[in-house]
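Here is how the chains run, residue by residue.
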Amino acid sequence: TAERTRWWRDDRFGQFIHFGAYSQLQGKYTRPDGSVCQDAEWIQRNCQIPRAEYEQIAAKFDPAGFDANAIAQSAKDAGQKYVVITSKHHEGYAMWPTKVNKFNLRDHSSFDKKRDILAELKRATAARDVELGFYYSIWDWHDPDFPDPATFPKYKERMYAQLKELVDNYRPAVLWFDGEWSTDRPNNPWTEKDGEELEAYVRSLDPSIVVNNRVGKRRVVDGDTGTPEQEIPDKPVDGQLWESCMTLNGSWGYTDWDHNWKSSADLTRKLLSIAGRGGNFLLNVGPDRNGRVPRESIDRLKQMGQWLRTNGQS
Ligand code: JFZ
């Protein structure tokens, strides 16, 4: 862990990106009866969008304005040394041209078939000496084999195959797992053994990848890094490395209605207090359906970078 996490411990500040088929809805789903339901990356679940309809929505997704260079530069300017983007969130939609299934940004969208946003982001971050990592949800709402313990091994094979694609194709510096806490299978959720196996699998693919603790059930012993969410702990849990993840407003995925932006002074104070306690800060942006990061987010990141350059050491 010490060797593997050296850059991560030095870097302290990263950019989280929540981007998926849910971004197409921009936070609003209009039901057949005309009423409106609001949510972000959980919109499919929380607004009970029928599967077929969600697939139709995803088919319209066309983030032509996604600009990897602008994103990587915004990280650089903010003083962020790594970026972690959702490669697949709970909805099950892969943001790269996976060969494992068709529910992905190349095969199931209105997007340019020649583009691959993860490859674009890899190039753009590498050119700026910024590390790139992927969020990957163990919980999958789209794969029919996920919820049933009898068919779960088939899902797991596909998950392993997707992770191998991500590692082979993009050489991520971080794999940020989530959804091991799935409530879809109350009697047989993700087991301790599932977590241990998955972590060992990632190590076998590439031992240099930093893995967060949501890979498994045991939180402190699993993975390299703890993941307190929207909070700043007083002290590390059992000496574990940790990274607070937070939103710039109140949502991970883009919405057109959440204007509850934190001030850049507040965000800078949070970064300093996290760094002072020995933690990392993973600060989230949510690009809109076109792929553009909201102006409000860019401004805040810029202001944080300005403060760091004026008052920081590097
Ligand atoms: C998860 C996701 O469900 C959410 O959409 C987002 O991606 C976030 C970063 O992660 O939500 C969680 C995960 C873990 C906890 C709470 C919410 N937790 O450990 O308290």
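Residues numbered from 1 in each chain as written. Predicted model: local features only at pLDDT ≥ 70, side-chain atom pairs only at ≥ 80, totals over all residues. Heavy atoms only, no water.

1. Observations regarding helix α5 (residues 117-127)
Among the residues of α5, those classed as buried are Ile117, Leu118, Glu120, Leu121, Ala124 and Thr125. The arc enclosing the buried residues of α5, seen along the axis, measures out at 155°, which places them on a common side. More than 90 degrees from the buried face of α5, the exposed residues found are Arg123, Ala126 and Ala127. Those residues of α5 that are buried are in contact with β1 (13-17), α4 (68-78), β4 (82-88), β5 (131-137) and α6 (152-170). Where α5 begins, the side chain of Asp116 points an oxygen toward the backbone nitrogen of Leu118, at a separation of 3.1 Å. Trailing α5 by a residue or two, Asp129 shows a phi angle of about 60°, which is positive. (Buried < 20%, exposed > 50% of the residue type's maximum accessible area, 1.4 Å probe, protein only. Helix = DSSP H or I, 4+ residues; strand = E, 2+ residues; numbered from the N terminus. Arc of directions from axis to C-beta. Contact = heavy atoms within 4.5 Å. Polar contact = N/O pair within 3.5 Å; in protein donor to acceptor, adjacent residues only side chain to side chain.)

2. As for the confidence of the model for the protein chain
Of the residues in the protein chain, 99% reach a pLDDT of 70 or more, and the chain-wide mean stands at 95. Among the scores for the predicted complex, ipTM is 0.95 and pTM is 0.97. (pLDDT = per-residue confidence, 0-100.)

3. Focus on the packing of aromatic side chains
Counted by the stated rule, this structure contains 22 aromatic pairs. Between Phe146 and Phe152 the ring centres are 5.4 Å apart and the planes differ by 80°, which places this aromatic pair in the edge-to-face class. Residue Phe146 is classed as buried on the basis of its relative accessible area of 2%. When its relative accessible area of 5% is taken as the criterion, Phe152 is described as buried. An aromatic cluster of at least three residues, connected via ring pairs, comprises Phe19, Phe61, Phe66, Tyr93 and Phe103. If you follow Arg185 out to its NZ or CZ, it ends over the ring of Phe146, 5.5 Å from the centre. One cation-aromatic arrangement involves Arg185 over Phe152; the distance from NZ or CZ to the ring centre is 3.8 Å. (Phe/Tyr/Trp six-rings, centres within 6.5 Å; stacked < 30°, edge-to-face > 60°. Lys NZ or Arg CZ within 6 Å of the ring centre and 35° of its normal.)

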